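Summary of the model geometry
This is what each chain is made of:
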2 protein chains.
Amino acid sequence: MYLDVINSPDDLKKLNVEELSDLAGEIRAAMMNRLSNIGGHFGSNFGIVEATIAMHYVFNSPVDKIVFDVSHQCYPHKILTGRKHGYLDNNSFDKVSGFTNPDESEHDMFNIGHTSTSVSLALGLARGRDLRKAEGNVIAVIGDGSLSGGEAFEGLDCAAEFEGNFIIVVNDNDMSIAENHGGIYKNLRKLRESNGMCECNLFRAMGLDYIYVANGNDIPSLIKAFEEVRDITHPIVVHINTLKGKGYSYATENKEEWHWHSPFDVETGKNRYTSSGESYDGITNEYLMAKMKNDEKVTVVTASLPTNIGFTEDKRREAGRQFIDVGIAEEHAIAFVSGIAKNGAKPVFATHSTFMQRTFDQLSHDLCINKSPATILVNTASVYGMNDIGHLGIYDIPLISNIPEIVYLAPTNAEEYLAMLEWSIEQTAHPVAIRMPCGKVMHTDKEVDKDYSDLNRYRMDMSGCDVAIIGLGNFYHIGKEVAEAIRKKTGIAPTLINPRYITGLDKEMLESLKKNHKTVITLEDGILDGGFGQKIASFYGPSDMKVYNYGLKKEFVDRYDVSELLDENGITVDKILSDIL
Amino acid sequence: MYLDVINSPDDLKKLNVEELSDLAGEIRAAMMNRLSNIGGHFGSNFGIVEATIAMHYVFNSPVDKIVFDVSHQCYPHKILTGRKHGYLDNNSFDKVSGFTNPDESEHDMFNIGHTSTSVSLALGLARGRDLRKAEGNVIAVIGDGSLSGGEAFEGLDCAAEFEGNFIIVVNDNDMSIAENHGGIYKNLRKLRESNGMCECNLFRAMGLDYIYVANGNDIPSLIKAFEEVRDITHPIVVHINTLKGKGYSYATENKEEWHWHSPFDVETGKNRYTSSGESYDGITNEYLMAKMKNDEKVTVVTASLPTNIGFTEDKRREAGRQFIDVGIAEEHAIAFVSGIAKNGAKPVFATHSTFMQRTFDQLSHDLCINKSPATILVNTASVYGMNDIGHLGIYDIPLISNIPEIVYLAPTNAEEYLAMLEWSIEQTAHPVAIRMPCGKVMHTDKEVDKDYSDLNRYRMDMSGCDVAIIGLGNFYHIGKEVAEAIRKKTGIAPTLINPRYITGLDKEMLESLKKNHKTVITLEDGILDGGFGQKIASFYGPSDMKVYNYGLKKEFVDRYDVSELLDENGITVDKILSDIL
């Protein structure tokens, strides 16, 4: 096996073209081993094997620097730059992350998990090189799907004015996560169909030089193209047409399903583990499908992650014109739903907590200043969500809840969640964000409120004394356990509160607690800094009330274990008990 | 005067083409009256007079809906839609804002102050119209300068897939705030030079239909073009070439200076009031010019607001390749400086607090996860900064300070500010943001620290007892006054602390205060929610310390008076004294 002797790109350069082709097969087999066992981004990585080999054959990493957008196409690069054990050795999977990572290798310049950033980051490297009067090529690799994000466009526009070596490899596999959306994809098609020759060329229209490689899975063509642009003294786009999922028929036949895939059986392509029973995504989808049928003014908007809330291809078809995926374009999505709401319809936009980060200004300026009554669903906003450093869902409370005018709600179970969603869609007074519950679906047999227009009314679920526990969203359930433990230990029942509103204080209820409580505990599923509990602490600041805030430390964590992280942050029933008693 | 009888667009429709041309002159005179007296956005508004007349002549607002990007070209629209008194009557200037504003008129759909949002917002209106099965044209107006912002690109890309009436008027005056930057402007030039006929067309490359109006200041041509696209059933770009500042020679000769202008003498074009003495912008510029001369690795990056930190045309020329303006592209700017820092050079990026909002994800993901040691200057981050609802500088503490890894500093005077800036540029361990002081330049004769690498060390400027005052940044000076007042009133000297670090607590010092203090006061120049003081309150939550947090309520305020706003928020020496004594 050639891979046996390849520990860095230098080793690769010793092979001839035929051997490189065999190497491509070995890389696919290595990726197959990892992904069939632990899952990961499949399609784009299988498509970019040959291009990665050709890049490392022609360029001289790490003197030449390659930046892979969003990291969804970096696996072959990782295999060729000293991290093959993470693919070949089943005991080493967890030693290698699914993203580029400078802590792992000098061949990675950045830790990247969000799309559309590679051009700007790499352009910075090129600029740094020139300020230092250093040498070397800088190469940004970006997929066609990532091109629709505003940051990528800003980067390309600025790159066109750059005076120096800069190479942009556009890896065009004609797919985003799902199908591409946006006018630029018509132009990419024209470019593919005209072998890169059509006069109206998006990249040239942006002021960039351009070459096209029709077969982006052919190593000799790729080597030729990269040799042509190596040491070029101006910016150029190398547009390569690759096949997403190449080398595995299930993946090429169903590209959306195989963008990312959970562990699977290689023979059949079937999932190794079937996810069981209900999920908040499924509940959301079921509700929205029914709601859209009953009301033609309701519309659902997603940003390249339709299945995030269950909008698989069949559901999208069924929803028809009431469903819109805008592609990777979160900024547009928020302004768009603001406009929809402003003109009397009922939009719901959903994305992951981590991608809501892209929309702070749009939430504030386009949505909230204008008080547009759109509904925003914030998904996987939890310590129980994605756990890699690039996709953490623990920062959205400070992000969203400190913006004026928005009502940010934290439901604690399915019934409450759906009641809030229904209320939000039908009301016209506020922009509303809902922090979708995360993890095991919880139910209640108690009646939940239907109307949330009397803002910032907390719900006291157990009225007790001495200690009051305010458990926000997912952490309400930890609060309930703490309450039970206190009752058992002291014989005195504490008060348990479901605050529901992240964006405001129920001053009346908080004031009333002063009568027969000495201690207030807050619990929130996210970082403490800038969050919910600190507002409660501030409220009680001038009083005798003792306040204990529980939540996560402000830090970037990577591939954490939930129980360990909670324990490190003192969020266990035992630790809380020992703090307050 | 025709304007006398024009109270709505309906009145305009009664005039003939010649009369419309006279009306254009009257509108310019009205704008001249307002702007020469109170200042405002000059160039784009003077350029778009004819196009606005033609739009209101052809379309039927408010059934047809026009959305003006960033509002810098909405003055003629405001004059024609019932708000001429804000331009003609010197006693009514303050009754009409400088931005579109739905509270003023049904002809304004949104309150807008940031660029690059009109296409997405308007596309939402069009979508809302169709979901409601309603009628009418929707028109987005966007300037060429705003096109470089990522949100605009995302909007255009999505607009190309829209199935229904949607008109995008690109008002191309060949200028951003300063000159345009980016590859797309080469294409706009080609389009102008080819009368819209060149094959390689940015808008067509994005999948949009397109027509060109060579003389965007000629009412008949404009009426013809708008009549052609009225009731069109698909999206189309109407690219019009206008003259920025048209009708006033000083403005057409010096477009950058006249983008926005302070009150001036109409005869001479000279400022009515000369700004006196030193400013933090000027100090910053002087420092950076010298620094760049001494160190070729230092580079300054701005996003279309170079004069924000004193980089006027001559300074930009002098700085040469060490200065880069990226155009309106804040997202790119942050990723770009992250890359520059990662590759060993020393970048400084500066923009207003309100525009930093566009970069939350880039700060977190591109900069901070990667610990790139770039320097970010946050300008006009203060209640003393811009005071209109679209440009408030009071939200950046929750925005920036809750992101892990960044060091956000709040200097209290010029010497401390420059020491922090010097330290930040030279250190390589952290991404650093500095909240530029705002308002009157303060000086100290005390020595300031040079090294800030021992993070989160507060500085105790006066050691006293009972009460400790922690005054952050600009509000340190209020804290000092409070300290003095307490000493006078009680005879007991309180403790006064300059915390300097917004992003962390000096736990040792805070702990030590418990010994001989009963009360801690925090003061911050921004909203309280998610900010600095609430972290202090949380720290002392389980203790006996009484904590009073002073800062602004989380709300959107508009055209406020600083003293009134501070008074409303209880931030006066008297009120603070009466709270705590």
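Model, not experiment: these values are computed from the prediction. (Residues numbered from 1 in each chain as written. Chains lettered and ligands numbered in written order. Predicted model: local features only at pLDDT ≥ 70, side-chain atom pairs only at ≥ 80, totals over all residues. Heavy atoms only, no water.)

Between chain B and chain A, the contact holds 113 residues from the first and 113 residues from the second. Overall, the association of chain B and chain A removes approximately 9200 Å² of surface from exposure, summing both partners, and the carbon and sulfur fraction of that is 57%. At the junction of chain B and chain A, the tally comes to six salt bridges. For Asp 361 of chain B, the salt bridge is made with Arg 358 of chain A, and the minimal N-O distance between the two is 2.9 Å. On inspection of chain B and its partner chain A, the count reaches 58 residue pairs in polar contact (both at pLDDT 80 or more). Class assignment of the residues belonging to the side of chain B that touches chain A gives a composition of 43 nonpolar, 41 polar and 29 charged. (Contact = heavy atoms within 4.5 Å. Buried area = accessible area lost by both parts, 1.4 Å probe. Salt bridge = Lys/Arg side-chain N within 4 Å of Asp/Glu carboxyl O. Polar contact = N/O pair within 3.5 Å; in protein donor to acceptor, adjacent residues only side chain to side chain. Nonpolar A, V, L, I, M, F, W, Y, C, P; charged D, E, K, R; others polar.)

Tallying each qualifying case throughout the model produces 42 aromatic pairs over all chains. When the ring of Phe 42 of chain A is compared with that of Phe 46 of chain A, the centres are 3.9 Å apart and the planes differ by 10°; the resulting orientation is stacked. On the basis of relative accessible area, Phe 42 of chain A is assigned to the buried category, the value being 0%. A centroid spacing of 6.2 Å and a plane angle of 65° characterise the contact between Tyr 384 of chain B and Phe 475 of chain B, whose relative ring orientation is edge-to-face. Here Tyr 384 of chain B is found in the loop between β11 (375-379) and α18 (396-401), whereas its partner Phe 475 of chain B is found in the loop between β15 (466-471) and α20 (476-490), with 91 residues between them in sequence. Using a relative accessible area of 34% as the deciding quantity, one classes Tyr 384 of chain B as partly exposed. In this structure an aromatic cluster arises from ring pairing among Phe 42, Phe 46, Tyr 248, Tyr 250, Trp 258 and Phe 264 of chain A. Here the basic side chain of Arg 34 of chain B rests over the ring of Tyr 87 of chain B, its NZ or CZ set 4.9 Å away from the ring centre. (Phe/Tyr/Trp six-rings, centres within 6.5 Å; stacked < 30°, edge-to-face > 60°. Buried < 20%, exposed > 50% of the residue type's maximum accessible area, 1.4 Å probe, protein only. Helix = DSSP H or I, 4+ residues; strand = E, 2+ residues; numbered from the N terminus. Lys NZ or Arg CZ within 6 Å of the ring centre and 35° of its normal.)

The omega torsion of the bond from Ser 61 of chain A to Pro 62 of chain A falls at 10°, within 30 degrees of zero and hence cis. Within the fold, Pro 62 of chain A resides in the loop between α4 (49-58) and β2 (65-68). Of note, Asn 195 of chain A is a non-glycine position whose phi angle comes to about 55°, a positive value. Topologically, Asn 195 of chain A is positioned in the loop between α9 (184-193) and α10 (202-205). Within the chain, Val 70 of chain B stands out as a residue other than glycine whose phi angle is a positive 55°. Tracing the backbone shows Val 70 of chain B in the loop between β2 (65-68) and α5 (75-80).

Moving on, we come to the sheet that holds strand β4 (residues 166-172) of chain A. Hydrogen bonds between backbone atoms are what pair the strands of a sheet, whose relative direction is either parallel or antiparallel. Residues and elements named next belong to chain A. Overall, parallel pairing links the five strands, which are arranged β2-β3-β4-β6-β5 in an open sheet. The open sheet has two edge strands with one neighbour each: β2 and β5 (209-213). Taking each pair of neighbouring strands and ignoring which way they run, the sheet shows an average axis angle of 20°. Taken strand by strand, helix α11 (residues 219-229) contacts β4, β5 and β6 (235-241), and its axis lies near 165° from that of β5. (Pairing = 2+ DSSP bridges. Axes fitted to C-alpha atoms, helices over the stretch in contact; angles between N-to-C directions.)

Another point: the relation of the copies chain B and chain A. Its rotation angle being 180°, the transformation that places chain B on chain A also includes 0.0 Å of axial translation and leaves an RMSD of 0.0 Å. Within this description, the copies of the chain are treated as partners about a two-fold rotation axis. When the interface residues of chain B are mapped onto chain A, 100% of them again lie at the interface, so the same face is used by both copies. (Least-squares fit on C-alpha atoms with pLDDT ≥ 70 in both.)

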